[in-house]
Amino acid sequence: MDLQFSREDRVFREEARDWLNSNSPIERRPHAGQTMREFDLAWQKRQYEGGWAGVSWQKEYGGLGLSLTRQLIWHEEYARADAPDNHLCFVALNHAGPTIMARGSEVQKQEHLQKILSGQTIWCQGFSEPNAGSDLGSLKTSARIDGDHLVVNGSKIWTSHGHLSDWQELLVRTDPQAPKHKGISWVICDMKSPGITLRPIEIMTSPNQVHFVQCFYDDVRIPLANVVGAVNDGWNVAMSTLGFERGTAQIRDMIRYAFLLEKMIGKAQQRLGADCPLSKDEIGARLAQLRADMAAARAMTYMVVSRAQAGISGSESSLMRAMVGETQQRARRLALDILGPYALENPEDDDWVYYYLRSFSITIAAGTAQIQRNIIGERVLGLPR
Amino acid sequence: MNLLLSEDQVQIVDTLKHFLCEEAPVARFRPPAPQIGNQDHRLLPRLAELGFLGIAIPEESGGIGLSSAEEMVVYREFGRHLLSPAIIGSMLGARVAAAAGDAALLHDLLSGKARVGLGNPRGSAGIGPHCHGEFHLIESIDAPWVLCCNEQGAALLRRSDFTAIEQVHPMDHSLSLERAKLESIRPAAWVSMEQDAIYTRALVLIGAFAVGLAEATRDMAVEYAKIREQFGKPIGSFQAIKHMCADMAIRAESALCQAAVASLTLSDHDPGAGFHGTACKLVSIDAALKNASQNIQVHGAVGFTSEADAHLYLKRAHVMDQLWGDTRFQRERMLHAPFAG
């Protein structure tokens, strides 16, 4: 066990810190719409031009090909600099890109990877369906082979930023007779294809906040050349990269939340005033326990990186994900209680109420807290299904 | 940066595990075990021979000279085996004796010859060059020495320094408990926090002990959920039970990771050690208490009996919570600890 970083790693940290401090956007990131798209693409482009894009991407695809430790350092410095997360680039950088790198053809790599890294394209995910959420394997959107095309019919839902995306990583059923995990294909879908219609879905944060869409596919023709991996091997293709969502990026969130908590302590002290010391108030007790639990959640991200470095990464990362998600949700709720009566106001220029409402998605998205617990129970603890 | 145990550390843990499985199985508390107390002090000379008592004492003081990270993993095993926490008295007492330059006492403590009980303040108590106040004495009946520790430092007192000693019936019957008082006594040896951050170390070690409790109860619940059948299936296949076990695993892992970070900041003399040590005690006591409760629930009626070991872990978790500052007290400290980002 040790917590020390090598001299080279510390030099890297300095360089990352310097670059982020002088290049990270200062203006507020818009919460929605085309302006958000432009903001995220511009920030990605700036990272690319500065030579900092794709820390975890292999060098041959334009990334920095850095070790897990360097990725961790990058995320720590990113959060310390309070650089905005370009969420719209998340699927491309963490799912679609790595999947194409791992399983795509040369043509697919040529066409997409550099555009993703340089901030030219936005990707969305087409996995969940109205009747296939936690039970993703039972998805029904069909794709029939017609010459050198697939003809897609059906519907996808909870597609984050689908209305702002250029491309979609789409899971379709190409063999309805096969067992449910065997007849699926992973396809690159052009969101401008004829036959796609989008229904915007408002989220619970505030009126007119469109975060995701439902996609309807009506005889949408997609070239067979857009299948990544083999036809009917899509489940394996999808599983080959789901781990990316559980990796070092979590450290960035935990550091952000640690700083948020410090602000919350300051605000709580201000609100309660000198007559009523925070340490005698239940809010103080909750802040203190959360401070401890967040330190532990961050320690868990270090453990996940340590395991991955040793080549023994597996389902144990669900332990970290569960802890990280729940401490974040608790923090958002506590922030609301610190606001007291002002929790009823949801102003444009303040995030606390917005992110409290937003926090309900943390234990739902990318595998609900309950699915996480099934994974922990069955794959980590060996309990029967 | 690497939180995994090194090969040497794994070897240390394996040696200790093997020893404790042979010599201190949890079954030692089942009837006809003595009604109150335990015989764990008999293991001290052998733990000393194996190098565990002085594991983190510098070599020039007669110890093994390893870091608090090794000490942490050792305490995790102590917790798993419900070893008497008097061992904290012996091991931290040796640090006090070393810092105070009392070579004879240091030798007696490191060899496991002299026993040390634990003094835990009840209400306000002063620990320093002069000690006073009301205490609970844990595992002290046959111990000539008592270790007391708080944010000011750590003191080794003689049992004979205490007055009004009165044995009380303990919640955790595997440990002896007394009430006692001190009236402005000069301790035999005293070390301030500035000299050696023994209190921070104590928080990490108590935390590591609690990690062991949280892990042992998790394992006990999981094993039982795999074999106990109802409605024709192992109960672990039901999500109500499975998710409870998953929660226990999350808590145990978070406590272990925090204990690892806390022990490393301590051995690195990192200014964040105080922050991380306090967080370590808070997180691991929470895990130990909750896991112990849920272990009883997973076991159902048998978990409520003294035949199952489940109650032992719950009671010990409460002892470790109370020792040298309970959750309420540690939360207050956590709130004011300088932020270690």
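Parameters at a glance
- Residues numbered from 1 in each chain as written.
- Chains lettered and ligands numbered in written order.
- Predicted model: local features only at pLDDT ≥ 70, side-chain atom pairs only at ≥ 80, totals over all residues.
- Helix = DSSP H or I, 4+ residues; strand = E, 2+ residues; numbered from the N terminus.
- Rg over C-alpha atoms; globule rule 2.2 N^0.38 Å.
- Buried ≥ 20, exposed ≤ 12 C-beta atoms within 10 Å, placed from the backbone.
- Contact = placed C-beta atoms within 7 Å.
- Nonpolar A, V, L, I, M, F, W, Y, C, P; charged D, E, K, R; others polar.
- Domains from an automatic or database assignment.
- Pairing = 2+ DSSP bridges.
- Axes fitted to C-alpha atoms, helices over the stretch in contact; angles between N-to-C directions.
- Parallel < 35°, antiparallel > 145°, perpendicular 65-115°, else oblique.
- Left-handed = near helix turned anticlockwise from the far one by under 90°.
- pLDDT = per-residue confidence, 0-100.
- Core = buried A, V, L, I, M, F, W, Y, C linked by C-beta atoms within 7 Å.
- Expected span 1.5 Å × (residues − 1).

1. Let's talk about the overall build of chain B
The number of helices and strands found in chain B is 10 helices and nine strands. On C-alpha atoms alone, chain B measures out to a radius of gyration of 19 Å, which is about the 20 Å that the 2.2 N^0.38 rule sets for 341 residues. With respect to the principal axes defined by its C-alpha atoms, chain B has extents near 65 × 45 × 40 Å. By residue count, 57% of the 341 residues in chain B fall in the buried class. The long-range share in chain B, meaning contacts at least 24 apart out of those at least 6 apart in sequence, stands at 71%.

2. Re the interface of chain A and chain B
At the interface, 42 residues of chain A touch 40 residues of chain B. Breaking the side of chain A that touches chain B down by element, the ones donating at least two residues are α7 (249-272), α8 (282-309), α9 (317-339) and α11 (369-380) of chain A. Ranked by the residues each element gives to the side of chain A that touches chain B, the list is headed by α8 of chain A, at 18 residues. For the side of chain A that touches chain B, the residue count by class is 25 nonpolar, 10 polar and seven charged.

3. As for the domain arrangement of chain A
Residues and elements named next belong to chain A. Here the domain parsing of chain A yields domain 1 (7-85), domain 2 (123-232) and domain 3 (247-380). With centres defined by C-alpha atoms, the gap from domain 1 to domain 3 works out at 23 Å. At the interface, eight residues of domain 1 touch nine residues of domain 3. Of the residues that constitute the side of domain 1 that touches domain 3, the class distribution is four nonpolar, two polar and two charged.

4. Here we look at the domain arrangement of chain B
Residue and element names in this part refer to chain B. Taken domain by domain, chain B consists of domain 1 (7-192) and domain 2 (198-336). Contact residues are listed per partner, giving 31 residues for domain 1 and 29 residues for domain 2. Secondary-structure elements contributing two or more residues to the side of domain 1 that touches domain 2 are α3 (68-80), α4 (86-100), β1 (116-126), β3 (145-150) and β4 (153-158). Ranked by residues supplied to the side of domain 1 that touches domain 2, first place goes to α3 with 10 residues. Among the residues forming the side of domain 1 that touches domain 2, the class breakdown is 17 nonpolar, seven polar and seven charged.

5. Comments concerning the pairing of strand β5 (residues 184-190) of chain A
Residues and elements named next belong to chain A. Most of β5 sits inside the fold, with six of its seven residues counted as buried. Taken together, the seven bridges between strand β4 (residues 167-173) and β5 define a ladder with antiparallel strand orientation. The residue of β5 that forms the bridge with Arg173 is Ile184. Examined bridge by bridge, β5 and strand β8 (residues 227-228) share two bridges and lie antiparallel to one another. For Trp186, the partnering residue across the bridge sits in β8 and is Val228.

6. Looking at the packing of helix α7 (residues 239-267) of chain B against helix α8 (residues 273-299) of chain B
Residue and element names in this part refer to chain B. Relative orientation of the contacting elements α7 and α8 amounts to 160°, with a least axis distance of 8 Å. Viewed along their axes, α7 and α8 adopt a mutual orientation that is roughly antiparallel. Viewed along their axes, α7 and α8 form a crossing whose handedness is left-handed.

7. Let's talk about the sheet that holds strand β7 (residues 189-192) of chain B
Residue and element names in this part refer to chain B. A sheet is described by the order of its strands in space; here seven strands give the open sequence β5-β6-β2-β1-β3-β4-β7, paired in mixed fashion. Every interior strand has two partners, whereas the edge strands, β5 (163-167) and β7, have only one. The sheet shows a mean angle of 25° between the axes of neighbouring strands, taken without regard to direction. Bridge count for β3 against β4 is six bridges, and the pairing is antiparallel. Of the residues in β4, the one forming a bridge with Leu147 is Leu156.

8. Notes on helix α5 (residues 103-110) of chain B
Residue and element names in this part refer to chain B. Of all the residues in α5, the buried ones are Leu105, Leu106, Asp108, Leu109 and Leu110. The inward-facing, buried residues of α5 abut α2 (44-49), α4 and β1. Following α5 by one or two positions, Gly112 has its phi on the positive side, about 80°.

9. Considering unusual backbone geometry
Located in the positive-phi region is Asn208 of chain A, a residue other than glycine, with phi close to 70°. On the secondary structure map, Asn208 of chain A appears in the loop between β6 (196-202) and β7 (210-223). For Asn208 of chain A, a count of 9 C-beta atoms within 10 Å translates into the label exposed. Of note in this structure, Ala164 of chain B is not a glycine but carries a positive phi near 50°.

10. Quick look at the confidence of the model for chain B
Across chain B, the average pLDDT comes to 96, with 100% of residues at or above 70. In the predicted assembly, ipTM is 0.95 and pTM is 0.95.

11. Quick look at the nonpolar core
Core analysis: the biggest nonpolar cluster contains 173 residues, and Ala210 and Cys245 of chain B have the highest contact counts within it. Every residue in contact with Ala210 of chain B, bar those within four places of it in the chain, is listed here: Gly79, Ala255, Ser284, Ile285, Ala287, Ala288, Ala317 and Met320 of chain B.

12. As for the environment of Ile206 of chain B
Residues and elements named next belong to chain B. Inspection of the secondary structure puts Ile206 in helix α6 (residues 198-227). On the basis of neighbour count, Ile206 is assigned to the buried category, with 27 C-beta atoms found within 10 Å. Along the sequence, Ile206 and Tyr75 sit 131 residues apart, while their C-alpha atoms lie 7.7 Å from each other. The contact partners of Ile206, leaving out residues within four places of it in the chain, are Lys281, Met320 and Leu323.

13. What about α6 of chain B?
Given a rise of 1.5 Å per residue, 30 residues ought to cover 44 Å, and the 44 Å separating the end C-alpha atoms of α6 of chain B matches this to within 8%. Where burial is concerned, most of α6 of chain B is hidden: 26 out of the 30 residues are buried.

14. Describing the packing of α8 of chain A against α9 of chain A
All names here are of chain A. For the pair α8 and α9, the least separation of the axes is 9 Å and the interaxial angle reads 155°. As far as their axial angle goes, α9 and α8 are roughly antiparallel. Remark: the crossing between α8 and α9 carries left-handed chirality. Seen from α8, the contacting residues are Ile283, Arg286, Leu287, Leu290, Asp293, Met294, Ala297, Met300, Thr301 and Val304; seen from α9, they are Ser317, Leu319, Met320, Met323, Val324, Thr327, Arg330, Ala331, Leu334, Asp337 and Ile338. Split into classes, the residues belonging to the contact of α8 with α9 amount to 14 nonpolar, three polar and four charged.

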